[in-house]
Amino acid sequence: MSEKNISDQILDKIKNVKPKPRWQFLFKDYMVWFLASLALVVSSLSFAVVLYMMIDNDWDVYTSISNSLLEFVFLTLPYFWLLFLGIFILIAYYYFRHTKKGYKFSLSKIFLASLIINILMGTFLYNIGVGKTIDNVVSQKVPFYKELINRRQHIWSRIDDGLLGGVIVFIEKDYIVIKDIEGHDWVIKHFNTSTPGFLSLEIGHPVRIVGQKIDEQNFEMYRILPMRGMHWMRERCLAAKEDCPLMNERNFLNTRSN
Amino acid sequence: MSDIVNKDNLNDEDLVKLTIEDQENFLYLIKRYEAKLGRYVRRIAGLGKEDTEDLLQDIFIKTYQNINSFDKDLKFSSWIYRIAHNEVIDNYRKKQSRPQGASFDVENLLNNLASEFNITKDLDHKYLQANISQVLNVMDLKYREVLILKFLEEKEYKEISDILKKPMGTVATLISRAKQQFLQKMKEQDIKL
């Protein structure tokens, strides 16, 4: 077969072939960029939740929860969100690599850029409260989230270990009543208590109590602290008619300074 | 006739524009790349004449079908070599067989590899023709291809990066590993340079 024949054959074959329209390629390019950006946004949202769960963690009472700081970190690391973050960084990498010029950049450069974007965008989203909102919404909407993913509920239900999380439903002169996460009422006498100066007990406030179970209704309190994270517990403000304040130490400090 | 002469003097990118307007102009690009790509495909795929021509036709048809996606930031030659590379890989996967029997232009190869491998140029060419081709044929496709692109097609690192769609650093690593494998295979087959 001569070279001329090949050229002619090709021309013959493409006679009935039309080039794919330019818009198809442009659409594909935009889609790839859109998916890469979307994956980056989702990974940044995950980063915001990770940040929220790490910051609003029980660092102040970790010695009551675990035997060591390391054990506490392993116990409370937001594995699901870290996995989610990792998966979406990989997806972002995959799509970025498939953009027109994506192949020019090495794996390490793309990962580094993704990480920087995640840190910046994730921190911003955390600061405007997106991390908290996601955790809160998912806690309420997704079954098993509180049991399997954000396991702080589990930690503050370890009543036999002296960890009681709940909402104040009744305040008397020498005792308070707490409705725990499962909905049981506990009578707590005010003894052996080191309450932070900024914590004023109010009905509807979610709190963490470190102490000791006396019997099926009574709990001895050593420390009472405002609940950190777990904002879905606001829904448990059963006795309070007015809007319950979001509970964390920063809110308390702000309230006091006002 | 004068029209043909004029178009022959146009650069690739202008011919792409003209091809989009009129299919007939694609002939100039075919003529320009037919021999180069034929050689390249033969070298990396190690196919027989007919299979090479079939593959070449597929490459040009695909090039024409995708002509609207040509990125003007690239050299046209890098783009069409990229299509050829992809077609060879597809063909390789479909047939699931190792390419065999490709012969290489040892004269050219020797000139380009001489400084890289300290090759003594006065060795028997027939000996080298047989043995170097044999070594290249048993090399991994990815290593053989970068050696061919670098030392036979004489492409720059950036062009190889554009053809293989790999970062420049990865191309450098591939070439370095390809050289190592080339020397190792030479050693295994007891071929002296």
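Residues numbered from 1 in each chain as written. Chains lettered and ligands numbered in written order. Predicted model: local features only at pLDDT ≥ 70, side-chain atom pairs only at ≥ 80, totals over all residues.

Some points on helix H8 (residues 141-152) of chain B
Helical periodicity: at 3.6 residues per turn, an α-helix aligns residues three or four positions apart in one direction. What counts here: Three exposure classes are used. Buried residues have 20 or more other C-beta atoms within 10 Å of their own C-beta, exposed residues have 12 or fewer, and partly exposed residues fall in between, all C-beta atoms being placed from the backbone. By definition, any uninterrupted DSSP run of H or I lasting at least four residues is a helix, any uninterrupted run of E lasting at least two residues is a strand, and each is numbered from the N terminus.
For H8 of chain B, the set of buried residues is Arg144, Glu145, Val146, Leu147, Ile148, Leu149, Lys150 and Phe151 of chain B. Remark: Glu154 of chain B follows H8 of chain B within two positions and exhibits a positive phi of approximately 55 degrees.

Brief notes about the sheet that holds strand S4 (residues 206-213) of chain A
Residue and element names in this part refer to chain A. Definition in use: The rule for pairing is simple: two strands pair if DSSP sees at least two bridges between them. Lines are fitted to the C-alpha atoms to define the axes, a helix being fitted only along its stretch in contact, and any angle between axes, read from their N-to-C directions, falls within 0 to 180 degrees.
Ordered by their spatial adjacency, five strands build a closed barrel running S1-S2-S3-S5-S4, and the pairing between neighbours is mixed. The mean angle between the axes of side-by-side strands here comes to 55 degrees, regardless of whether they run parallel or antiparallel. As paired elements, strand S3 (residues 185-189) and strand S5 (residues 218-226) share three bridges and run parallel to each other. The partner of Ile188 across the bridge, within S5, is Phe219.

What to know about the interface of chain A and chain B
Using the following cut-off: Once C-beta atoms are placed from the backbone, any two residues with those atoms within 7 Å are in contact. Ten residues, namely Ala, Val, Leu, Ile, Met, Phe, Trp, Tyr, Cys and Pro, are considered nonpolar, four, namely Asp, Glu, Lys and Arg, are considered charged, and the remaining ones, Gly among them, are considered polar.
Between chain A and chain B, the residue contacts involve 20 residues of the former and 25 residues of the latter. With eight residues, the top contributor of residues to the side of chain A that touches chain B is helix H1 (residues 3-14) of chain A. Broken down by class, the residue content of the side of chain A that touches chain B amounts to eleven nonpolar, three polar and six charged.

Things to note about the nonpolar core
Residues and elements named next belong to chain B. Put simply, the rule reads: Nonpolar core, as used here: buried Ala, Val, Leu, Ile, Met, Phe, Trp, Tyr and Cys residues forming one set through C-beta atoms within 7 Å. Note that domain bounds follow an automatic or database assignment of domains.
Among the nonpolar cores identified, the biggest contains 39 residues, and Leu37, Val41, Leu55, Ile80, Ala84 and Val146 are the most heavily contacted of them. Ranked by residues supplied to this core, first place goes to helix H3 (residues 26-45) with nine residues. Residue assignment places this core across two domains, with domain 1 (2-95) and domain 2 (106-188) each supplying three or more. Ignoring sequence-local partners within four residues, the contact set of Ile80 consists of Tyr33, Leu37 and Thr63.

Some thoughts on the domain arrangement of chain B
Residue and element names in this part refer to chain B. Under the domain assignment, chain B is made up of domain 1 (2-95) and domain 2 (106-188). Listed per partner, the contact involves eleven residues of domain 1 and twelve residues of domain 2. At the level of elements, H3 and helix H5 (76-95) are the ones that each hand at least two residues to the side of domain 1 that touches domain 2. The residue makeup of the side of domain 1 that touches domain 2, split by class, is five nonpolar, three polar and three charged.

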